[in-house]
Amino acid sequence: MKILLVLLALLPLGVAYYQLDNAIDPIKMLYSYTGIGAISLLLLSLAPSTYKRICSINWLRYRKTIGLLAFVYALLHVSIFVALDSEFDFVTIFEKSLKKPFIYVGLIAFIIVLLMALTSFKKLFAKFSKYHKAVYLALALALLHSFWAQKVAGVFEYGIVAVGVVLLGERVWAKMHHNFK
Ligand code: HEM
């Protein structure tokens, strides 16, 4: 089941690769696929505990895999910026980030996702799992970054907000009714 989850999650990258030759702006297309992939998987990583509370279906064992897949997408997204878009030229990176301040918001979100990925392995997770609540901050920052990058919010952004509000709303409700585990 985990292999199926990984294959399904990586499928959009295959589609992006396939569409590269016909893309008008290949770098922008790759930013979209990897950015949307990262934010969607980050949101999906919240679903297993909601599912357990609402439907008593225990998919918590997939949460780490989903979280690590979100990190892989975010890492690819940042690599597009550093390698393809800025060609490892750090002067360009600095100049671009001054013109596109939304990049700093993305950077903070990326650092949170990176630290969560690094501390998701056994010993470190036992020690740092309480800090994994930072996923909410990473999601909010990634959403702000995405809105800001797009200048106009599309169906995707509003969709992420709607799902985010439902998942967060369920958590607040569960906490108020002492059903939060
Ligand atoms: C150092 C960190 C980051 C950098 C440098 C970066 C860079 C960018 C750039 C340049 C764009 C605009 C692309 C364009 O339309 O021209 C963008 C868009 C986007 N980024 Fe990031 N990003 C970073 C972190 C993140 C993270 C951590 C996430 C998600 C978890 C993310 C999600 C997105 C999304 C969803 C979009 C909008 C894509 C679309 O709708 O087309 N970014 N990012």
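The structure presented is a predicted model; accordingly, all values stated were derived computationally and were not measured.

Can you explain the coordination of the iron atom of the ligand? Please cite residues and give values.
Within the protein, the iron atom of the ligand binds to His77 (NE2) and His145 (NE2); these donor distances fall in the range 1.9 to 2.0 Å. Note that the iron atom of the ligand binds six donor atoms; their angles at the metal cover 85 to 179°, and the shape is octahedral. Remark: His145 occurs in helix α8 (residues 135-150) and His77 occurs in helix α4 (residues 63-85); sequence separation between them is 68 residues.

So what's going on with the packing of helix α2 (residues 26-44) against helix α9 (residues 155-176)? Residues and values would help.
Their axes nearest at 11 Å, the elements α2 and α9 cross at an angle of 15°. Considering the angle they form, α2 stands roughly parallel to α9. At the point where α2 passes α9, the crossing takes the left-handed sense. For the pair formed by α2 and α9, the contact residues are Ile36, Ile39, Ser40 and Leu43 on the first element and Phe156, Ile160, Val163, Gly164 and Leu167 on the second. Residues of the contact of α2 with α9, tallied by class, amount to seven nonpolar, two polar and no charged.

Tell me about a nonpolar patch on the surface, and name the residues and values.
Taken together, Phe94, Leu98, Tyr104, Leu107, Ile111, Leu115 and Leu118 make up a surface patch of nonpolar side chains, about 680 Å² in accessible area. For the nonpolar patch, the elements supplying multiple residues, two or more each, are α5 (90-99) and α6 (102-118). Within the secondary structure, Leu118 is located in helix α6.

So, the pattern of salt bridges: which residues are in play, and what are the values?
Taken as a whole, this structure holds two salt bridges when the rule is applied. The partner of Glu170 in a salt bridge is Arg53, and the shortest N-O contact between them spans 2.7 Å. Taken together, the residues Glu170 in helix α9 and Arg53 in helix α3 (residues 47-55) connect sequence positions 117 residues apart. Note on Glu170: relative accessible area 12%, which makes it buried. Owing to a relative accessible area of 14%, Arg53 belongs among the buried residues under this scheme. Between Lys96 and Asp85 there is a salt bridge; the shortest N-O distance is 3.4 Å. One end of the pair, Lys96, is in helix α5; the other, Asp85, is in helix α4, and eleven residues separate them in sequence.

Describe in detail α5, supporting the description with residues and values.
When we look at burial in α5, the residues that qualify are Ile93, Lys96 and Ser97. One face of α5 carries all of its buried residues, which in axial projection span an arc of 100°. Among the exposed residues of α5, those pointing more than 90 degrees away from its buried face are Val91, Leu98 and Lys99. Of the surrounding elements, those touching the buried residues of α5 are α4 and α6. Taking the backbone nitrogen of Val91 as reference, a side-chain oxygen 3.0 Å away marks Asp89 as the first, capping residue of α5.

I'd like a description of the site of the ligand, backed by residues and values.
Inspection of the region around the ligand gives 21 residues, with Lys28, Ser32, His77, His145 and Gln150 positioned closest. For the ligand, an oxygen atom lies 2.5 Å from a polar atom in the side chain of Ser32. Contacts to the ligand include His77, whose side-chain N or O atom sits 2.7 Å from a nitrogen atom. Judged by the fraction of its atoms near the pocket grid, the ligand is located in the largest pocket. Listing elements by their share of the shell around the ligand, those giving two or more residues are α2, α4, α6 and α8. Of the residues contributing to the shell around the ligand, the split by class is twelve nonpolar, seven polar and two charged.

Rules used in this analysis
Residues numbered from 1 in each chain as written. Predicted model: local features only at pLDDT ≥ 70, side-chain atom pairs only at ≥ 80, totals over all residues. Heavy atoms only, no water. Donors = N, O, S within 2.8 Å, 3.2 Å for Na, K, Ca; no water. Tetrahedral: all angles 85-135°; square planar, octahedral: opposite > 155°, others 65-115°. Helix = DSSP H or I, 4+ residues; strand = E, 2+ residues; numbered from the N terminus. Axes fitted to C-alpha atoms, helices over the stretch in contact; angles between N-to-C directions. Parallel < 35°, antiparallel > 145°, perpendicular 65-115°, else oblique. Left-handed = near helix turned anticlockwise from the far one by under 90°. Contact = heavy atoms within 4.5 Å. Nonpolar A, V, L, I, M, F, W, Y, C, P; charged D, E, K, R; others polar. Patch = residues over 30% accessible without salt bridge, like charges linked within 9 Å, V, L, I, M, F, W, Y side chains within 5 Å. Areas by Shrake-Rupley, 256 points an atom, 1.4 Å probe, with all protein chains shown as cover. Salt bridge = Lys/Arg side-chain N within 4 Å of Asp/Glu carboxyl O. Buried < 20%, exposed > 50% of the residue type's maximum accessible area, 1.4 Å probe, protein only. Arc of directions from axis to C-beta. Polar contact = N/O pair within 3.5 Å; in protein donor to acceptor, adjacent residues only side chain to side chain. Near = heavy atom within 4 Å. 1 Å grid on protein atoms, 1.4 Å probe; cavity = no way out; pocket = protein on both sides within 12 Å on 5 of 7 lines; lining within 4 Å. Sits in = over half its atoms within 2 Å of the grid points.

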